[in-house]
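One letter stands for each residue in the lines below.
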Amino acid sequence: MKIFVTGADGFIGSSLVKRILETTDWTVVGMDLGCFRLEPLLSHPRFAFRQGDMTVDQTWVDQQIQACDVVLPLAACALPSQYINDPLAVFELDFEENLRIVRECFKRGKRIIFPSTSEVYGMCQDENFNEQTSPLVLGPISKQRWIYSCGKQMLDRVIWAYGLKGLQFTLFRPFNWFGPNLDNIQNSGKGQARVITQFLGNLLRDEPIHLVDGGSQHRCFTYLDDGIEALIRIIENSNGVADSQIFNIGNPRNDFSIGELAQHLVTTLSEFPGWEHIQLTHKIEIESSNKYYGEGYQDVQFRRPDITLARTLLRWEPSVSMDEGLSKTVQFYLQQIESSKPVHPPSNVPVTVH
Ligand code: UGA
């Protein structure tokens, strides 16, 4: 099987490529603006990588779609601060560029595995978000945070509609995946990383952690390896189980408030040599979302996946606890800092992850 991945150097992309090369006989072609995370894999005989901009090298992208069996378009802006500060960039990359790829897959009869998002459920009031029955609830237009969710939802609907005309597809919805390489730990600005790397970076730099609007909002955090295992099963697609399906890929057992997450991280970091003091020295401050993100922000108070479908069809079960996942993540970043390697791609490289 030959797989084409855009955003291959991102958090999900790079880990997926690594896992494929290590545990399958599949061939991968990847594209991204940089190859920071993929560097150790560049000489692998079953991996071809092109450093480039998919919005510019469109002919090359189309050639790869033509030559592969499965397309995973993972390139996207995936930070809430980006949705607020540059909503048009989110629309142009996440929606417009990926729409082009979806159409190309349909035209050439290629299978597409598309990253939807837990954000499509928005402020849904269901206790557990279900792929088939939950309403997708977004806020007003002036809250530009929702442009990401709205664009992803529209693509979900477009892919579904092409599916009715014969496109072979699977949509997957990551629920706050985390792990090594999530974001650049050295980005110090507010909202420059997703919450786990943001908080860890704050602690490592001796800065206060900011709990937005008090930190009572919940997320279900999913360790990267569990998510990648689900993706491998989707790509394998035994007996076509993943065809025309939408899968929530999240861990309902790792359901924590953001305040609880902060405490968990402090405890986890304090268990590493040299960081025992953090239990006593860390600072936690409450900040309003208006001040932290700006007026275009609106939050999701809880986000819990119903994973019955992934359990049943993919025989998938997330197994990594919050404690274990956080410990591995903290260890990764501490080692990265110790090895004094630059710990991030150049700052002009947009986030290419989910
Ligand atoms: C994320 C992003 O939109 C995407 O990466 C992704 O599609 C999706 O969720 C997902 O992975 O499921 P969100 O969960 O809001 O959205 O992202 P974070 O930036 O990680 O924030 C989580 C929560 O922590 C929010 O309530 C936010 O207000 C809070 N937060 C964040 C703080 O309290 N303090 C901070 O310094 C940063």
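Located above this text is the structure these notes cover.
Visitor: Describe the pairing of strand S11 (residues 245–249), naming the residues involved and giving the relevant values.
Guide: Side chains on a regular strand alternate between the two faces of the sheet. Along S11, 5 of the 5 residues are buried, which leaves the element largely enclosed by surrounding structure. By the alternation rule, side chains of S11 split into Gln245, Phe247 and Ile249 and Ile246 and Asn248, which are all buried. By the bridge criterion, 5 bridges tie strand S6 (residues 169–174) to S11 in an arrangement that is parallel. Looking across to S11, one finds that proline 174 is bridged to isoleucine 249.

Visitor: Give a detailed account of the site of the ligand, specifying residues and quantitative values.
Guide: Close contacts around the ligand come from 26 residues, with Ser118, His210, Arg219, Tyr292 and Asp299 the closest. In this structure, an oxygen atom belonging to the ligand sits 2.7 Å away from a side-chain N or O atom of glutamate 119. Within the side chain of arginine 219, an N or O atom sits 2.7 Å from an oxygen atom of the ligand. Protein chains shield 98% of the accessible area of the ligand, which is 720 Å² for the free molecule. Only helix H3 (80–85), helix H6 (195–204) and strand S8 (209–212) provide two or more residues apiece to the shell around the ligand. Class assignment for the residues of the shell around the ligand results in 14 nonpolar, 6 polar and 6 charged.

Visitor: Give me the lowdown on the packing of aromatic side chains, citing residues and values where you can.
Guide: Across all of its chains, the model carries 15 aromatic pairs by this definition. Centre to centre, the rings of tyrosine 121 and phenylalanine 175 are 6.1 Å apart; their planes meet at 40°, and the pair counts as tilted. With a gap of 54 residues between them, tyrosine 121 in the loop between strand S5 (111–115) and helix H5 (146–164) and phenylalanine 175 in the loop between S6 and strand S7 (177–178) connect regions that are remote in the sequence. Tyrosine 121 gets classed as buried once you look at its relative accessible area, which sits at 0%. Note on phenylalanine 175: relative accessible area 0%, which makes it buried. Ring geometry for phenylalanine 332 and tyrosine 333: centres 5.0 Å apart, planes at 80°, overall edge-to-face. Residue tyrosine 333 is classed as buried on the basis of its relative accessible area of 0%. A network of ring pairs unites the aromatic residues Tyr121, Phe129, Phe175 and Phe302 as a single cluster. Against the face of tryptophan 146 rests arginine 145, its NZ or CZ located 5.3 Å from the ring centre.

Visitor: Which residues make up the sheet that holds S6, and what values do they have?
Guide: Read from one edge to the other, the open sheet built from 7 strands follows the order S3-S2-S1-S4-S5-S6-S11, with strand pairing classed as parallel. Strand pairing shows two members of the sheet lacking a second neighbour, strand S3 (47–51) and S11, which therefore form its edges. If you compare each strand with its neighbour and ignore which way they point, the axes differ by 15° on average. Bridge count between strand S1 (residues 2–6) and strand S4 (residues 70–73): 4 bridges; the pairing is parallel.

Visitor: Now, about the nonpolar core: what can you tell me, with residues and values included?
Guide: For soluble globular proteins, the rule of thumb is that nonpolar side chains tend to be buried together. In terms of nonpolar packing, the biggest core is built from 62 residues, with Leu72, Phe172 and Ile249 touching the most fellow members. In this structure, phenylalanine 172 is in contact with Leu72, Leu74, Ile113, Phe114, Pro115, Ser116, Thr117, Trp177, Leu231, Ile234, Phe247 and Ile249, ignoring residues within four places of it in sequence. Counting residues in each nonpolar core, the second largest holds 31 residues, with Ile101, Val102, Val158 and Ile159 among its members.

Visitor: An account of the packing of H6 against helix H8 (residues 258–270) is needed here, citing residue identities and associated values.
Guide: Two elements in contact, H6 and H8, have axes separated by 10 Å at closest approach and are oriented at 50°. The pairing of H6 with H8 is recorded here as oblique in orientation. Remark: the crossing between H6 and H8 carries right-handed chirality. Residues Val195, Ile196, Phe199, Leu200, Leu203 and Leu204 of H6 form the contact with H8, whose own contacting residues are Ile258, Leu261, Ala262, Leu265, Val266 and Leu269. The residue inventory of the contact of H6 with H8, partitioned by class, reads 12 nonpolar, no polar and no charged.

Visitor: So what's going on with the pattern of salt bridges? Residues and values would help.
Guide: Pairing between side chains of opposite charge can happen when the charged atoms of each approach one another. Counted by the stated rule, this structure contains 20 salt bridges. A salt bridge links glutamate 119 to arginine 145, with the shortest nitrogen-to-oxygen separation between them at 2.5 Å. Residue glutamate 119 is located in the loop between S5 and H5, and its partner arginine 145 is located in the loop between S5 and H5; the two are separated by 26 residues in the primary sequence. You can call arginine 145 buried: its relative accessible area is 2%. Taking the shortest distance from any N to any O, the salt bridge between glutamate 317 and arginine 253 comes out at 3.2 Å. You can see glutamate 317 sitting in the loop between helix H11 (308–314) and helix H12 (322–338) and its partner arginine 253 sitting in the loop between S11 and strand S12 (255–257), a full 64 residues away along the chain. The exposure class of glutamate 317 is partly exposed, given its relative accessible area of 37%. A cluster of three or more residues bridged by salt bridges with shared partners is formed by Arg19, Glu229 and Arg233.

Visitor: Quick rundown of the side chain of arginine 145? Include the residues and the values.
Guide: At a separation of 2.5 Å, a polar atom in the side chain of arginine 145 contacts the side chain of glutamate 119. If we skip the residues at most four places from it in the chain, arginine 145 touches Pro80, Tyr83, Ile84, Glu119, Arg219, Gly296, Tyr297, Gln298, Asp299 and Arg303.

Rules used throughout
Residues numbered from 1 in each chain as written. Predicted model: local features only at pLDDT ≥ 70, side-chain atom pairs only at ≥ 80, totals over all residues. Heavy atoms only, no water. Buried < 20%, exposed > 50% of the residue type's maximum accessible area, 1.4 Å probe, protein only. Helix = DSSP H or I, 4+ residues; strand = E, 2+ residues; numbered from the N terminus. Pairing = 2+ DSSP bridges. Near = heavy atom within 4 Å. Polar contact = N/O pair within 3.5 Å; in protein donor to acceptor, adjacent residues only side chain to side chain. Areas by Shrake-Rupley, 256 points an atom, 1.4 Å probe, with all protein chains shown as cover. Nonpolar A, V, L, I, M, F, W, Y, C, P; charged D, E, K, R; others polar. Phe/Tyr/Trp six-rings, centres within 6.5 Å; stacked < 30°, edge-to-face > 60°. Lys NZ or Arg CZ within 6 Å of the ring centre and 35° of its normal. Axes fitted to C-alpha atoms, helices over the stretch in contact; angles between N-to-C directions. Core = buried A, V, L, I, M, F, W, Y, C linked by side-chain atoms within 4.5 Å. Contact = heavy atoms within 4.5 Å. Parallel < 35°, antiparallel > 145°, perpendicular 65-115°, else oblique. Left-handed = near helix turned anticlockwise from the far one by under 90°. Salt bridge = Lys/Arg side-chain N within 4 Å of Asp/Glu carboxyl O.

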